[in-house]
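Listed below, chain by chain, are the residues.
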Amino acid sequence: MGDIAFAMYRMHPLHMGQVHDISVGGLSFSYVESGAVVDEPLVLDILSAETGFHLTGLPFRVVWDRGLADDIDVDYMPLRQAGLVFEVPLQEQRRQLEEFIRHYTCS
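Residues numbered from 1 in each chain as written. Predicted model: local features only at pLDDT ≥ 70, side-chain atom pairs only at ≥ 80, totals over all residues. Heavy atoms only, no water.

Asker: Help me understand unusual backbone geometry, please; the structure alone is not making it clear to me.
Answerer: Backbone phi values are negative for most residues with the exception of glycine, while trans is the configuration of most peptide bonds. With phi around 30°, Val 88 is a residue other than glycine that occupies positive phi space. Considering the arrangement of structural elements, one finds Val 88 in the loop between β6 (79–86) and α1 (91–104). (Helix = DSSP H or I, 4+ residues; strand = E, 2+ residues; numbered from the N terminus.)

Asker: What is the right way to look at the pairing of strand β4 (residues 43–48) in this model?
Answerer: Moving residue by residue along a regular strand, the side chains alternate between the two faces of the sheet. Where β4 lies against strand β5 (residues 54–67), 4 bridges are found, and the strand directions are antiparallel. Directly across from Leu 47, in β5, lies its bridge partner His 54. Here β4 folds back onto β5 in antiparallel fashion, the turn holding 5 residues, of which Gly 52 has a positive phi close to 80°. (Pairing = 2+ DSSP bridges.)

Asker: How should the confidence of the model for the chain be read in this particular structure?
Answerer: The predicted coordinates should not be examined in detail at positions where pLDDT is low. Put simply, the chain has an average pLDDT of 80, and 75% of its residues get 70 or more. Strand β1 (residues 5–9) is the least confidently modelled element of the chain, averaging 58 in pLDDT, while β6 averages 92, the highest of any element. (pLDDT = per-residue confidence, 0-100.)

Asker: Could you clarify how one ought to interpret the packing of aromatic side chains in this entry?
Answerer: For any pair of aromatic rings, the description consists of the separation of the ring centres together with the inter-plane angle of the planes. According to the stated counting rule, one finds 2 aromatic pairs in the structure shown. Taking 4.4 Å as the distance between ring centres and 25° as the angle between the ring planes, the aromatic pair formed by Phe 53 and Phe 100 counts as stacked. In this pair, Phe 53 sits in the loop between β4 and β5 while Phe 100 sits in helix α1, placing the two residues 47 residues apart along the sequence. Judged by relative accessible area, Phe 53 falls into the buried class, the value being 13%. Overall, Phe 100 belongs to the buried group, its relative accessible area being 1%. (Phe/Tyr/Trp six-rings, centres within 6.5 Å; stacked < 30°, edge-to-face > 60°. Buried < 20%, exposed > 50% of the residue type's maximum accessible area, 1.4 Å probe, protein only.)

Here is the structure:
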């Protein structure tokens, strides 16, 4: 993606990071581990600073989540990457997501 887009788990946000890949079925993003644990249903907000795009309350489930080896001191700033699958988005959420992908991502 040429734009900087962020994905955030809700609640203060628990995780906020940069989107790497996105489709109507899900996305992958990297984030700094916060140590937070969630007991309630997961929802995601997707924000794009450059385009002003904002999609809220997208239900999802985590498919994979792994640590990233990097030049950054991982004890100080533990980086992770996660893959998410969207869970039955509302019709309007799906329309917004399709529009965002069509207009603001690289093919």
